[in-house]
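# Observations on the three-dimensional arrangement
Each chain, letter by letter, is given below.
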Amino acid sequence: MNTIRLHNLLFFGCIFLLIHGITRSATSAPLKDSLLGVSPEGGFASSLSLSCPFCRIFSLLCVNVCIVYPKWCVQKVRLKTGCGADEIYYKGFSSSSAIKCKDGSKKFNKSQLNDDFCDCPDGSDEPGTSACPNGKFYCKNTGHAPVILYSSRVNDGICGKHALLLTLLFEMMATIVLRAFQTFVVQRSCAFERGLLLLAYCCDGSDEYDGKTKCVNTCWEAGRVAREKLKKKIATYQEGVTIRRQEIEQAKLGIAKEEGELLKLKDQEKILKELVEKLKERKEQIEKAEEKERLQKEKEEKERKEAEEPKENEIKAEVSESMQNDNIGTVDQPHRRVFNNYGRKLNLGLQDSAEDHHESANEPELSDHSVEDRLPNDGVEVNEGPVQKTEQLGEESTFDDKTGLDTGNQDDNIAEDTESLSREELGRRVASRWTGEKTEQHEEFDASIDKDHQNPDETPNETNDEENNGYVSEYDDHKYDDDDSEDQVDDFGGRIIMIQVLLKHPSLMMSQTYITGTSGSSLLEKIQKTVKSIFQAVNLFQTPVNITEAAHVRKEYDESSAKLSKIQSRISSLRQKLKQDFGPEKEFYSFYGQCFESKQNKYVYKVCPFKEASQVEGYSTTRLGSWEKFEDSYRFMQFLNGDKCWNGPDRSIKVKLRCGLKNELTDVDEPSRCEYLALLSTPALCLDSRLKVAFQATLF
Amino acid sequence: MANFLSTFLFFLLFINCAFSWKKDEFRNCNQTPFCKRARSRKPGACSLVAIDVSISNGDLVAKLIPKEKNQENTENGENPIKPLVLTISAYQDGILRLKIDEDQNLSPRKKRFEVPDVIVPDFVNKKLWLQRLKEEENEEGIFSVVYLSDGYEGVIRRDPFEVFVRESGQNGKKVLSLNSNGLFDFEQLRDKKEENEEWEERFRSHTDTRPYGPQSISFDVSFYDADFVYGIPEHATSLALKPTRGPGVEDSEPYRLFNLDVFEYIHDSPFGLYGSIPFMISHGKSRGSSGFFWLNAAEMQIDVMGPGWNNESVLMLPSDQKRVDTLWMSEAGVVDAFFFIGPGPKDVVRQYTSVTGKSALPQLFATAYHQCRWNYRDEEDVYNVDSKFDEHDIPYDVLWLDIEHTDGKKYFTWDRMLFPNPEEMQNKLAAKGRRMVTIVDPHIKRDESYYIHKEASEKGYYVKDATGKDFDGWCWPGSSSYLDMVNPEIRSWWAEKFSCKNYVGSTPSLYIWNDMNEPSVFNGPEVTMPRDALHYGDVEHRELHNAYGYYFHMATADGLVKRGDGKDRPFVLSRAFFPGSQRYGAVWTGDNSAEWDHLRVSVPMILTLGLTGISFSGADVGGFFGNPDTELLVRWYQLGAYYPFFRAHAHHDTKRREPWLFGERNTELMKEAIHVRYMLLPYFYTLFREANASGIPVARPLWMEFPADEKTFSNDEAFMVGNNLLVQGIFTERAKHVSVYLPGEQPWYDMKTGTAYEGGATHKLTVLEDSIPAFQRAGTIIPRKDRFRRSSTQMENDPYTLVIALNSSMAAEGELYVDDGKSFEFQQGAFIHRRFTFSNGKLTSSNMGTATGANNKFASECIVERIILLGLSPAPKNALVEPVNQKVDIEWGPLLLRGGKGKSVLTIRKPNVRIADDWTIKLL
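Residues numbered from 1 in each chain as written. Chains lettered and ligands numbered in written order. Predicted model: local features only at pLDDT ≥ 70, side-chain atom pairs only at ≥ 80, totals over all residues. Heavy atoms only, no water.

An unreviewed UniProt entry lists chain B under the name Glucosidase II subunit alpha, from Rehmannia glutinosa. For chain B, the Subcellular location (unreviewed entry) comment in UniProt is given as "Endoplasmic reticulum". Under the Sequence similarities (unreviewed entry) heading, UniProt states for chain B: "Belongs to the glycosyl hydrolase 31 family." (UniProt positions renumbered as here; feature names shortened; annotations may be inferred.)

Chain A is annotated in an unreviewed UniProt entry as Glucosidase 2 subunit beta of Rehmannia glutinosa.

Shown next as structure tokens:
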């Protein structure tokens, strides 16, 4: 550990010294030389005869490194492994009178070098002028970082000082410097020059040498700012690397634990399955016996029902009529309630998916009803007919409503409908063709207000969770996968039964046992015990059907199958989780189940890795996409197939990852319509690999 | 399978209906009473005869009355047909002007509208004072003849009345005639009668009160010795106008001239688009060109008759002369028509622009590349796009901001959330020699807190509705009113709004874009203003509709001139246009689509605009609606680089399409296309000056340069940039080969490779990915600037390259025009205008400037660094530059420093002569 620290220190020290450039004098070299990049500087650098910028960086760095590691320098640097190509290329002038253009297309002589006339289409005869459109100009930028400019910048009358580029430049520089070392080790090419070409400017003003424009040398100041930035960045990286390492450790532990849990759960599942089978058998026996008794009762029931039939039909008719009239006042209370909910659900389903959150917010209530429906309750049984009926009707009527509202988007209809439109409405609609905005915005807004009025007691998911205290901690952790994999309404119904079971049997609360996995055997024992006791009890009383006994068996069956389904759901969620791509070092493990938010003006952007991304405005949520994958070597997260854009593609978002000390979502942008771009700072991206490799490669 | 196919076709049909042109929303001829009436009239229906023909005040005057006067009178009861007054005037350069109006001495109900401010004041001074009337008589009737120009006469036949221009002499060939088919009709203003059904007009939910009843005018015009007619923009259709009536023409609408904001227009239709120029030019092999212009701003419909359209008619015109007949119908106004005798295509355009004005000379930056999108969202976006251009070393000159930059679509304001520091933003771009353009539309948000609205409503500056209240229509900001730009006072008030003081957040490097000025009214009839809305001087909107956008454009351009204290040439892009718009700025072809067909039709659209005086025009590169596939986008850049106005633009629903977003190779291709434009800027600017001086457009149909070559007459896939360069578009996906017709007898040199191709032949060429075919004509010299910069601004001092393409007699010539690129000083002679002539192995640069010669008002140190000689053999080794008497090398070099692929070409290396000087370079 200590050696690494020392190396780090040395390495950053080198960079620091390098970018200060303090070992070199700041006096500018004669024009032609500097343009050429063959700067006859004395001392160490010149003895290396390095001509390309990389070599400069390298030589400067070496000087610094040598202070600490003189032995190494002598050995390694003497190899003269720099960017030989350029050096040798221009050196050719001393020995011969004509030289070939780099691309071999032509020859030129010494007087044609930088004579402000382009002889080589590749620009190799004019490295210091603007004559060749493909030319490159080398700018020393003493006190800052050297850059290579497009020839279009030479003597264009613009001094290079654009605060805008500064930050970008230095983001790049840090990487470039580091890469340069790699390059050196890998092999002596000047590939990074290409990188340097971008986003660069000449702060020393040497690109404006024709005297028409006087540029101030701003390198020292610009360099200082950049160095500050770089220092900060290095600090961030150092700290980030540590955090990242910790996270990876945790991820490994977490994954191991979950894998263990999964194995155990599979065992439990097997046992429980058997138990449930047996209970089911027993239950069916009991039910068979009950069947006889019930058949008799039913006969009587049937007669009674037949007598009531006409009455019921009336009600049905009433319901359907009132539905069409959008007036439910005449229906009696229980009908109306159920009815209302179905209607709302359907409405929501048909609504623009931007309103999705309403749907989910409605879930608790809806599931309440589905639970009710399942209970052996006569009243609900009777209701079933009308409910289905209204479902259909509701669908029709809401559909009608919707098409009525929607005509603004259906261009064909504009033609027919304009006659009946108000002038204002017509204006909006025609405008909407170009803008793609919905014309009935205000109407929709009203509608959503209405909805809120209708359901003042609607509660978001979280509140509901809190009500089921004991269950929450665990449920919360896994709600995403649950939501993903199963039909929501059914799932919810099932869950509530489970909740009931669990509340009654706190000893069976599984969260701790599952997670720790230590008490797994005791749990199994417990279950087996329970099973034994049940069968014992049941066996004692064979026939006739004892009501308390039957209830007991039923209850046990319900509870056990609930347990089973709980375990199964946990298994599937674990499987779901473990099959995700958490990165090469599992560094993204902690992203699972997390959401990152960023508020931008009126919108809140929510990015939930491995799940989805959305844009929330007040009460409306727009899905920006579902999790797709990491891209570009884990530097982007891609979410695809979000809500449809009017006249555009399905929404999608790309989240760029960069090194930061904590997970933080920033800079959400929509460069193209409905294609979003966001930035997420995260320690997961604070890769030490580059630093390390470079560092080690340099020193050893 | 068939089932599947039909389902697919049905689907296509559905898509077409749902996502394109809303045909039903616009009137067709049958729904337009005046058009329906005029179209159903039979040849010879006109019964008017000319009486009292005489010379008065230098004009020929006459009265038009119905032949059977008594009968007509009784039929019309209390509304007797009053005689019409006809005036014929002659102007220099072969222009005959014909006016027909109600007789003002008989106190008509109202003075009919004549469009002011279009005819340039200078034109009036060119009037010839007619003195003598020559009478002729033959079996066809009595003729009165006046002098028009050497070799041409203006003639009026009395009965039935007909006006024509002919070559001098009793048997002189006719050139142009009016009412030869007897379709003339003129509805005079009337008082409303009770229960008159045709009084009001309804279209969809809109009612037009028509307080003066029907008042249309229609007549036929014949072009003699014409093979084709061209002009009358704006339509998305072929260059040579297809017949709309006659045998073989199925149920076509006439060409409509009615400025409309058409959503997703289709690429081949006679339907009217954003602008209107009622000027038609004919061309034929045997005689050449003639032109007809009707100065009228009301809705116009024009039929082009196919041969044999009137076969059943008893009225037979002499058939020895080939002829194209046309029918012109207008809803209101007067007859104020101009006959142009040509005889060359350039003559007609020169004659037409002597009436309506020559193109303004744009600033140099405006002729370079423009980057636009609806919308660059905020300052960060602007900076980012700007720096990306630098990063990829792609030049651009102007970055545009669409409507979203404003605070609630209130023009002259900024959304301060998105653009907190607009001045700083503009200044940062200006530091790199780049400009910005913001949009300013004519609809003013009805918002009491908006200063423009407040002032305009207080001062009564809005157009009024039929009841006299401020007209209130719907556009981007919602409820809006429209400034009445016909009133000079309002224009001048408007112009003040552009001063840097008044336009908060603007800087001198900001220029303007006028959109929606047809005017577009989302809830109006046909998405425009009701025809019975009222303008300054009680002019009904129907009378001046087509000129509304023109006035708005004018007022805005005046505003920029005022802002710059008369020292800075304005740049204003307008969507709507009218004759004369060329004096105020550029126009573009509106909201096109990202389709190959739209790329194709952009060529005839731009050529037509050029023919009708509007030289500075272009189509949105990439196509406004929809996402172009990459190949289409690249091809569009390659073609767009030769548009006079070169701007990329995109709808906000489309994906980003800045040139670097399509992979390295495509970035390179688009960059190369843009570089071609920058390289040719000196040539383009010289052409813009030519348009400014003579009216001859920058982009020209081939037949304008080769009027005798029939093969060029209907070619609208290739065009000339000036007279030196021929460009052929590539309009199909994955094209492998293209047939290019190269006219004339001289060879053509491929611009990329220098390869020579024989003239007067069609060549089947391999299509390359990296460029579209472009050829330099032998016998020409093109000035280039081969160094690339971030914008045109930095190219100012860069040296020139001259490319000399020698013809068969080893000669060539060309021009170069240079000035400061921004001020009006050039009007005082502050420019350099050189003629380069190459003959007898000697290149000479001579002054083309004003006769004063001593042109010291504009100086340039620029030199010629390279001279390329194409078609020269044998190759000389040296050249002598005189008068400095210096020898320079001639060697083999590349034709293009970037992207050139061909063999080496002869290059005079570093002659370094100043473009401002006289010199010669002699090959040794």
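### Examining the UniProt feature "domain: Glycoside hydrolase family 31 TIM barrel" (unreviewed entry) in chain B
This chain's UniProt record puts "domain: Glycoside hydrolase family 31 TIM barrel" (unreviewed entry) on residues 360-687 of chain B. What you have in residues 360-687 of chain B is 34% helix and 13% strand, and the ends, taken at the C-alpha atoms, are 12 Å apart. (Helix = DSSP H or I, 4+ residues; strand = E, 2+ residues; numbered from the N terminus.)

### Comments concerning the pattern of salt bridges
Between side chains of opposite charge, a pair can form when the charged atoms approach closely. This structure, assessed with the given rule, holds 109 salt bridges over all chains. For Asp393 of chain B, the salt bridge is made with Arg153 of chain A, and the minimal N-O distance between the two is 2.9 Å. Within this pair, whereas Asp393 of chain B is found in the loop between α6 (379-391) and β23 (398-401), its partner Arg153 of chain A is found in the loop between β4 (147-150) and α7 (163-187), the two belonging to separate chains. The class of Arg153 of chain A is buried, set by a relative accessible area of 7%. Of the charged contacts, one joins Glu287 of chain A and Arg554 of chain A as a salt bridge, the two residues approaching to 3.9 Å between their closest N and O atoms. Linking Glu287 of chain A in helix α9 (residues 219-324) with Arg554 of chain A in helix α21 (residues 547-578), this pair joins segments that are 267 residues apart in sequence. What makes Glu287 of chain A partly exposed here is its relative accessible area of 28%. Residue classification places Arg554 of chain A among the partly exposed residues on the basis of a relative accessible area of 29%. If you follow the salt bridges from partner to partner, you end up with Arg27, Glu201, Asp208, Arg210, Arg256, Glu299, Glu331, Glu526, Arg531, Glu540 and Arg542 of chain B in one network. (Salt bridge = Lys/Arg side-chain N within 4 Å of Asp/Glu carboxyl O. Buried < 20%, exposed > 50% of the residue type's maximum accessible area, 1.4 Å probe, protein only.)

### Some remarks on helix α5 (residues 345-356) of chain B
Residues and elements named next belong to chain B. Taking 1.5 Å of rise per residue, the 12 residues of α5 would be expected to cover 16 Å, and the 17 Å separating its terminal C-alpha atoms lies within 8% of that figure. Burial within α5 is extensive, with 9 of its 12 residues counted as buried. Among the residues trailing α5, Gly357 stands out with phi positive, at a value near 105°. (Expected span 1.5 Å × (residues − 1).)

### Here's the deal with the pairing of strand β5 (residues 596-600) of chain A
Across 5 bridges, β5 of chain A lies against strand β6 (residues 603-608) of chain A in antiparallel orientation. The residue bridging Glu597 of chain A from the neighbouring strand is Lys606 of chain A, located in β6 of chain A. (Pairing = 2+ DSSP bridges.)

### A closer look at the interface of chain B and chain A
Facing 57 residues of chain B, the contacting portion of chain A comprises 53 residues. For the pair chain B and chain A, the two sides together bury roughly 5,000 Å², of which 51% comes from carbon and sulfur. Joining chain B to chain A, the criterion identifies 10 salt bridges. Taken together, chain B and chain A are joined by 27 residue pairs in polar contact (both at pLDDT 80 or more). When residues of the side of chain B that touches chain A are traced back to their parent elements, those giving at least two are α1 (2-19), α6, β48 (863-870), β50 (886-893) and β51 (905-914) of chain B. Taken together, the residues of the side of chain B that touches chain A break down into 20 nonpolar, 12 polar and 25 charged. (Contact = heavy atoms within 4.5 Å. Buried area = accessible area lost by both parts, 1.4 Å probe. Polar contact = N/O pair within 3.5 Å; in protein donor to acceptor, adjacent residues only side chain to side chain. Nonpolar A, V, L, I, M, F, W, Y, C, P; charged D, E, K, R; others polar.)

### A few points about the domain arrangement of chain B
Residue and element names in this part refer to chain B. Here chain B is described as being made up of domain 1 (29-199 + 207-356), domain 2 (364-440 + 487-517 + 544-703) and domain 3 (707-923). Spacing between the C-alpha centres of domain 1 and domain 2 amounts to 36 Å. With 48 residues of domain 1 at the contact, the number on the domain 2 side is 43 residues. Interface area for domain 1 against domain 2, summed over the two sides, is near 3,600 Å², with a carbon-plus-sulfur share of 64%. At the junction of domain 1 with domain 2, the criterion picks out 2 salt bridges. Taken together, the elements giving at least two residues each to the side of domain 1 that touches domain 2 come down to β15 (228-231), β17 (279-284), β18 (288-294) and α5. It is α5 that contributes the most residues to the side of domain 1 that touches domain 2, 7 residues altogether. For the side of domain 1 that touches domain 2, the residue count by class is 28 nonpolar, 13 polar and 7 charged. (Domains from an automatic or database assignment.)

### Things to note about the sheet that holds strand β32 (residues 586-588) of chain B
Residue and element names in this part refer to chain B. One open sheet holds the 8 strands; their spatial order is β33-β32-β31-β28-β24-β23-β22-β34, and the pairing between them is parallel. Of all the strands in the sheet, the pair left with one neighbour each is β33 (617-618) and β34 (646-648). The sheet contact formed by strand β24 (residues 435-439) and strand β28 (residues 510-514) spans 4 bridges and is parallel. From the neighbouring strand, Thr438 faces β28, where its bridge partner is Ile512.

### Structural notes on the state of the cysteines
Evaluation of the coordinates by the stated rule reveals 9 disulfides over all chains. The disulfide that involves Cys595 of chain A links it to Cys608 of chain A, with 2.1 Å between the sulfurs. On the sign convention where negative means left-handed, the S-S torsion of about 105° between Cys595 of chain A and Cys608 of chain A marks this disulfide as right-handed. Of this pair, Cys595 of chain A sits in the loop between α21 and β5 while Cys608 of chain A sits in strand β6, placing them 13 residues apart in sequence. Note on Cys608 of chain A: relative accessible area 5%, which makes it buried. There is a disulfide in this structure between Cys659 of chain A and Cys686 of chain A, and the S-S distance comes to 2.1 Å. Taking the sign of the S-S torsion, about 90° here, the bridge from Cys659 of chain A to Cys686 of chain A comes out right-handed. Note that Cys659 of chain A is positioned in strand β10 (residues 652-659) and Cys686 of chain A in the loop between β12 (675-682) and α22 (688-699), a separation of 27 residues in sequence. Among the cysteines around Cys475 of chain B, which has no disulfide bond, Cys372 of chain B carries the closest sulfur, lying 17 Å off. (Disulfide = S-S within 2.5 Å.)

### Structural notes on the environment of Pro243 of chain B
Residues and elements named next belong to chain B. Among the structural elements, Pro243 can be located in the loop between β15 and β16 (255-257). In this structure Pro243 comes out as partly exposed when scored by relative accessible area, which is 35%. On a C-alpha basis, the gap between Pro243 and Pro442 in space is 36 Å, while along the polypeptide they are 199 residues apart. Not counting residues within four places of it along the chain, the set of residues in contact with Pro243 comprises Val249, Val304, Met305 and Gly306.

### A few points about the confidence of the model for chain B
Residues and elements named next belong to chain B. Overall, the predicted model of chain B reaches an average pLDDT of 92, with 94% of residues at or above 70. Here residues 4-19 scores under 50 on pLDDT; set against residues more than four positions off or in separate chains, the count is 7 contacts. Low confidence marks residues 71-78, where pLDDT is under 50. Its contacts with residues over four positions away, or in another chain, come to 7 contacts. (pLDDT = per-residue confidence, 0-100.)

### Concerning helix α8 (residues 451-459) of chain B
All names here are of chain B. Where α8 is concerned, the buried positions are Ile452, His453 and Ala456. Each buried residue of α8 lies within a common arc of 95° when the element is viewed along its axis, so the set occupies one face. Here the buried face of α8 lies against β25 (443-445) and α9 (488-496). Immediately beyond the C-terminal end of α8, within one or two residues, lies Gly460, with a positive phi of roughly 70°. (Arc of directions from axis to C-beta.)

### Topic: the nonpolar core
Residues and elements named next belong to chain B. Within the largest apolar cluster, 202 residues are counted, with the highest numbers of intra-cluster contacts made by Trp476, Trp494, Phe522, Phe571, Tyr637, Tyr642 and Val721. Counting residues per element, this core draws most heavily on helix α12 (residues 596-611), at 9 residues. Judged by nonpolar contacts, the second largest core, of 49 residues, contains Val163, Phe184, Phe219 and Val221. (Core = buried A, V, L, I, M, F, W, Y, C linked by side-chain atoms within 4.5 Å.)

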